[in-house]
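Letter by letter, the chains look like this.
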Amino acid sequence: MRAARLTGSQEMIRAKAGPLARGWPALTILLAYGGMALLLSPAYNWPVIDSWAFAWSVRHLLETGRLVIVDWGAMSQLAHLGWGLLASWLAGFSFGTLNASTFVLSLTAVLASYALLRELGLDRGLSLLGAGVLLANPAFVLLSYSYMTDVPFLAWMTLALWMYLRGVRRGGLGWYVLGAVFAALAVLVRQNGIVLPAALGAYLLWEWARRRHPFPWREGMAGILLPALALLVLMLLPRLGAMPARADILMWVERELTIGELAGKLFRLLLYMGLFLLPVTAAAGVGMLLRGGGWKEAWKPALLTILAGAGAVWQFFHPFRLPYIGIWRMMPYYPAVWTPFGTGSPGEWLTGPREMLFSYRFWAVITALSCAGAGLLLWPALRRRPSEEGWPAGLLWLVVIANLAPVVLFRGEIYERYLLVVLVPTAALFLRAVQREGARPAWALAGGLLALYLAFSLALTAEFIGWNGAAWRAGERLAGQGIPLEQIDGGFAWNGWHFADRLGQGEGASEAGAPAYMELFPFITRQYVVSFSPLPGYEVVGEERYWSPLRGASGRLYILHRAQ
């Protein structure tokens, strides 16, 4: 394929730029991560969310030399376990080691995002802005402090896309091979990583049909074959009994999606993207409007915002049931990182009713901001048709579509963290339009919004780590008193870590009022319970305190004993 080359003037400017002029964005990212680590250490020593399952497999592999994947997560996770094994070999096994290993890949993902945006032809400031919107995202920050698969998957996917784009723009088979290696690692963390090589194949086919050049068979094979083989092996392993049956990706595909359901999913995803990319779109939009004559264009984003608002109003009067929360009318549309209770929901990771941290008014404001962000995000689509500028915007569109398709067609619960993988490609498409217009973002607004997002994200993460740590200490205290583990409900992560090899085994139904996760542990008698609040039929026998940044006060968990 024909590779785009730098012009002579661009080469001279790049050669004359000093190391500091070239490297200040990377230095900014490194300093941000240093500050994050100082404010909140990633090396805390307990599991959160599903990380207990991955940590258990790593420890089992270290102790026995046998790979056993817990029958809980549906992701492939093989490369994820390998990364944890490497970290444990270097620093010793602990939850802190595994959490810190993800923090390293989080930094890698943001640096790779910046390099990707530079490869696409964006200047340093815009590239840093696009990478910053990922760095400050609440879901990304929280998951960066855990041994979950989302951030490692994103890191390998971003590196793969960067290598693919270097191959497309500069030529050279080696870039496609490197991209394939990183894409295969992504597939070996989460199976849907195959969408990136699929997008590359579609792009090569599109370029061949458009330009009538000889089809690039060598580039296609180099970029696609390895991750395709990785997926094929992963699809065979569950059928051979070597992996849990839930790891079969085909069982999660929704085959009966109606037009109404499809429209609803796409609308909700649009509002999430509008909120997550608001620091980019708001700053760039203000910059374009302040440009000479820019106010003549204001009616377009305003109209799109009104249309998004009308959709949100329709959604408000057609309430839906949000898992673990109940009837709900506005953002958040999907549970996980953002809920009315902070992170997580009652009955999902710890028993007992929990006080709402975010009121209905808060979510009304968030929904309005999401509508405004959606309008700004779609604004470039109503502007004049862009001319081709030497880098493959088509590949970015295919990457966004290919990554959203599994989310839309997913049969299980949708979590907002699934959208992280499309943040940077979507930001790139938007920022490309900004740069093409010759407008400069309102940098003060961009910096202020990113700082606000990051501060909120760190507070949300500290809150989450805090109460999880309190729950872990409470369970440890009970176990230290000689109480059998089968009598302790210490929450989802505690129960999962101690009974990973007995998950789903045993007979009997959970007691009335027990959280949903207890269906996985029917053998736990719940004589002792760690809870967010006192429960009927139990007496309080202890407390565990933690600091709550979102409340600005001390929070507490209760240790309960079944009343005689």
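Residues numbered from 1 in each chain as written. Predicted model: local features only at pLDDT ≥ 70, side-chain atom pairs only at ≥ 80, totals over all residues. Heavy atoms only, no water.

**Q** Hey, could you run me through the overall build of the protein chain in this one?
**A** When you go through the protein chain residue by residue, the secondary structure sums to 19 helices and six strands. Here the protein chain, with 564 residues, has 55% of them falling under the buried criterion. Relative to all contacts within the protein chain whose residues are 6 or more apart in sequence, the contacts with residues 24 or more apart total 75%. When the accessible surface of the protein chain is split by element, carbon and sulfur atoms take 65% of a total near 23,800 Å². (Helix = DSSP H or I, 4+ residues; strand = E, 2+ residues; numbered from the N terminus. Buried < 20%, exposed > 50% of the residue type's maximum accessible area, 1.4 Å probe, protein only. Contact = heavy atoms within 4.5 Å. Areas by Shrake-Rupley, 256 points an atom, 1.4 Å probe, with all protein chains shown as cover.)

**Q** Teacher, can you tell me more about the pattern of salt bridges here?
**A** Once their charged atoms are close, side chains differing in charge can pair, the charge on each being opposite to the other. If you walk through the whole model with that rule in mind, you get 13 salt bridges. Across the pair Arg 545 and Glu 543 runs a salt bridge whose closest N-O atoms are separated by 3.7 Å. Several salt bridges converge on common partners, so that one network encompasses Glu 119, Arg 166, Arg 169 and Arg 170. (Salt bridge = Lys/Arg side-chain N within 4 Å of Asp/Glu carboxyl O.)

**Q** Can you walk me through helix H8 (residues 150–170) in this structure?
**A** Side chains three or four residues apart in an α-helix point the same way, a direct result of the helix having 3.6 residues per turn. Between its terminal C-alpha atoms H8 stretches 30 Å, which fits the 30 Å expected from 21 residues at 1.5 Å a residue. For H8, the buried fraction is high: 19 of the 21 residues fall into the buried class. With its phi angle positive at about 80°, Gly 171 sits one or two positions after the end of H8. (Expected span 1.5 Å × (residues − 1).)

**Q** Before we go on, may I ask you to explain the pairing of strand E4 (residues 528–531) in this structure?
**A** The side chains of a regular strand alternate, residue by residue, between the two faces of the sheet. Side-chain alternation along E4 places Tyr 528 and Val 530 on one buried face and Val 529 and Ser 531 on a second face that is also buried. For strand E3 (residues 488–489) and E4, the ladder comprises two bridges, and the chain directions are parallel. Among the inter-strand pairings, Asp 489 is bridged to a residue of E4, identified as Val 529. With four bridges connecting them, E4 and strand E6 (residues 553–562) associate as antiparallel partners. The partner of Val 530 across the bridge, within E6, is Ile 559. (Pairing = 2+ DSSP bridges.)

**Q** Could you clarify how one ought to interpret the packing of helix H13 (residues 278–290) against helix H18 (residues 443–480) in this entry?
**A** In a pair of packed helices, the angle between the axes and the distance between the axes together describe the arrangement. Between H13 and H18, the shortest axis-to-axis distance is 8 Å and the interhelical angle comes to 165°. The orientation of H13 relative to H18 falls into the category roughly antiparallel. For the pair H13 and H18, the sense of crossing is right-handed. Contacts between H13 and H18 pair Leu 278, Pro 279, Ala 282, Ala 283 and Val 286 from the former with Leu 445, Ala 446, Leu 449, Leu 450 and Tyr 453 from the latter. In the contact of H13 with H18, the residues fall into ten nonpolar, no polar and no charged. (Axes fitted to C-alpha atoms, helices over the stretch in contact; angles between N-to-C directions. Parallel < 35°, antiparallel > 145°, perpendicular 65-115°, else oblique. Left-handed = near helix turned anticlockwise from the far one by under 90°. Nonpolar A, V, L, I, M, F, W, Y, C, P; charged D, E, K, R; others polar.)

**Q** Help me understand the sheet that holds E4 in this model?
**A** Two strands in a sheet stick together by hydrogen bonds in their backbones, pointing the same way (parallel) or opposite ways (antiparallel). Spatial strand order, E3-E4-E6-E5: four strands in an open sheet with mixed pairing. Each having just a single partner strand, E3 and strand E5 (538–548) make up the two edges of the open sheet.

**Q** Could you clarify how one ought to interpret the packing of helix H4 (residues 78–91) against helix H5 (residues 95–119) in this entry?
**A** At their nearest, the axes of H4 and H5 sit 9 Å apart, and the two run at 115° to each other. For the crossing formed where H4 meets H5, the hand is right-handed. For the pair formed by H4 and H5, the contact residues are Trp 83, Gly 84, Ala 87, Ser 88 and Ala 91 on the first element and Thr 97, Leu 98, Ser 101, Thr 102, Val 104 and Leu 105 on the second. Partitioning the contact of H4 with H5 into residue classes produces six nonpolar, five polar and no charged.

**Q** Help me out: how do you make sense of the pairing of E6 in this one?
**A** When E5 meets E6, the two strands line up antiparallel, connected through ten bridges. The partner of Val 540 across the bridge, within E6, is Leu 560. Taken together, E5 and the strand that follows it, E6, pair antiparallel across an intervening segment of four residues, in which Gly 552 is found at a positive phi of about 70°.

**Q** Looking at this model, I keep getting lost on the packing of aromatic side chains. Mind explaining?
**A** Aromatic ring pairs are described here by two measures, namely the spacing of the ring centres and the angle between the planes. Per the counting criterion, the structure on display carries 35 aromatic pairs. Three or more aromatic residues link up through ring pairs in this structure, and these residues are Phe 93, Phe 95, Trp 472, Trp 494 and Trp 497. One Lys or Arg, Arg 329, reaches over the ring of Phe 316 and ends 5.3 Å from the middle of that ring. Seen from the ring of Phe 523, Arg 502 lies directly overhead, with NZ or CZ sitting 4.0 Å from the centre. (Phe/Tyr/Trp six-rings, centres within 6.5 Å; stacked < 30°, edge-to-face > 60°. Lys NZ or Arg CZ within 6 Å of the ring centre and 35° of its normal.)

**Q** Mind showing me how you'd approach the environment of Val 530 here?
**A** Residue placement: Val 530 occurs in strand E4. Assessed through its relative accessible area of 0%, Val 530 is described here as buried. Residues Val 530 and Arg 473, 57 residues apart in the sequence, show an inter-C-alpha distance of 10.0 Å. Not counting residues within four places of it along the chain, the set of residues in contact with Val 530 comprises Leu 350, Thr 351, Ala 471, Ala 474, Gly 475, Asp 489, Gly 490, Leu 557 and Tyr 558.

Spatial relationships are all this shows, so hold off on functional conclusions.
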